[in-house]
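Listed here are the chains, written in short residue letters.
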Amino acid sequence: AGVLDAVAAHLVMQRAVATMAPRDVSTTLNALARCRHRDAALLKYFAEEVVLCAGSYDPRDLAITVWSYAKLKQMHGELFSAVAKETIRKGRHFNAKDLVNTVWAYATVQHDAPALFDKVAAETIQKA
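Now for a look at the structure at hand. All values derive from a computational prediction rather than experimental measurement. (Residues numbered from 1 in each chain as written. Predicted model: local features only at pLDDT ≥ 70, side-chain atom pairs only at ≥ 80, totals over all residues. Heavy atoms only, no water.)

**Focus on the overall build of the chain**
Link 1 in the chain: Helices and strands together make up the secondary structure of the chain, namely seven helices and zero strands.
Link 2 in the chain: For 128 residues, the compact-globule estimate of 2.2 N^0.38 gives 14 Å, and the chain sits close to it at 14 Å.
Link 3 in the chain: Referenced to the eigenvectors of the C-alpha coordinate spread, the extents of the chain come out at roughly 45 × 25 × 20 Å.
Link 4 in the chain: A buried classification covers 42% of the 128 residues belonging to the chain.
Link 5 in the chain: Intrachain contacts of the chain at a sequence separation of at least 6 include 76% that bridge at least 24 residues.
Link 6 in the chain: When the accessible surface of the chain is totalled, it reaches about 6,900 Å², and 57% of it is carbon and sulfur.
Link 7 in the chain: Of the charged side chains in the chain, 16 are positive and 13 negative; the average position of the first set lies 5 Å away from that of the second. (Helix = DSSP H or I, 4+ residues; strand = E, 2+ residues; numbered from the N terminus. Rg over C-alpha atoms; globule rule 2.2 N^0.38 Å. Buried < 20%, exposed > 50% of the residue type's maximum accessible area, 1.4 Å probe, protein only. Contact = heavy atoms within 4.5 Å. Areas by Shrake-Rupley, 256 points an atom, 1.4 Å probe, with all protein chains shown as cover. Lys, Arg positive; Asp, Glu negative; His and termini not counted. Charge placed at Lys NZ, Arg CZ, Asp CG, Glu CD.)

Now the structure itself:
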C-alpha cells in the first residue's frame, strides 16, 4: 500500500487527474478497486474530476468508473448522478457487460436512479 499511497499523494498534489484521458482515469480507478485501495481524498478528487468531464467518457469508461467506486463501497452522489445522466444519453452504445456492471454499481451503493434503470431495461429488451 505504500506505493499506492505515494501515487495517490502525487496525483492529488499535482492535480494530475485533470490532464488524464478518460480511459486512463477509468483504468486507474479499476486498479485501485482491484487492490482495494480506499484513499478517501484520492477517490473524492477523481470523482470531482469525472463529474466535470463525464460527457467525454465512452460507455466502457463510465461503467468501469462507477463499478470501481461500488467495488470500494464508495458512494459519491454527484459522480453517480453525472454517470447516470451520461448513461441515459449514451445508452444505445453500451454493450451488455457495461450495462450489467453499471446497474450492479448503482445497486451496490444504493443510489436511486429510476430513469437510468428504465433506460437500461429498454436497452436490454431492444438488444435481446
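**Points about the nonpolar core**
Link 1 in the chain: Counting residues in hydrophobic clusters, the biggest one holds 33 residues, and the most contacted among them are Val25, Leu29, Phe46, Tyr69, Leu79, Phe80 and Tyr106.
Link 2 in the chain: Elements with a contribution of two residues or more to this core: α2 (22-34), α3 (40-53), α4 (59-71), α5 (77-90), α6 (96-109) and α7 (114-127).
Link 3 in the chain: If we ignore the near neighbours within four places in the chain, the residues touching Phe46 are Leu11, Val17, Val25, Thr28, Leu29, Leu32 and Tyr69. (Core = buried A, V, L, I, M, F, W, Y, C linked by side-chain atoms within 4.5 Å.)

**Structural notes on the packing of aromatic side chains**
Link 1 in the chain: As enumerated under the stated definition, the model contains three aromatic pairs in all.
Link 2 in the chain: Ring plane angle 80 degrees and centroid distance 4.9 Å describe the contact between Phe80 and Tyr106, whose orientation is recorded as edge-to-face. With a gap of 26 residues between them, Phe80 in helix α5 and Tyr106 in helix α6 connect regions that are remote in the sequence. Take Phe80 and Tyr106: they sit in the same class, and that class is buried. (Phe/Tyr/Trp six-rings, centres within 6.5 Å; stacked < 30°, edge-to-face > 60°.)

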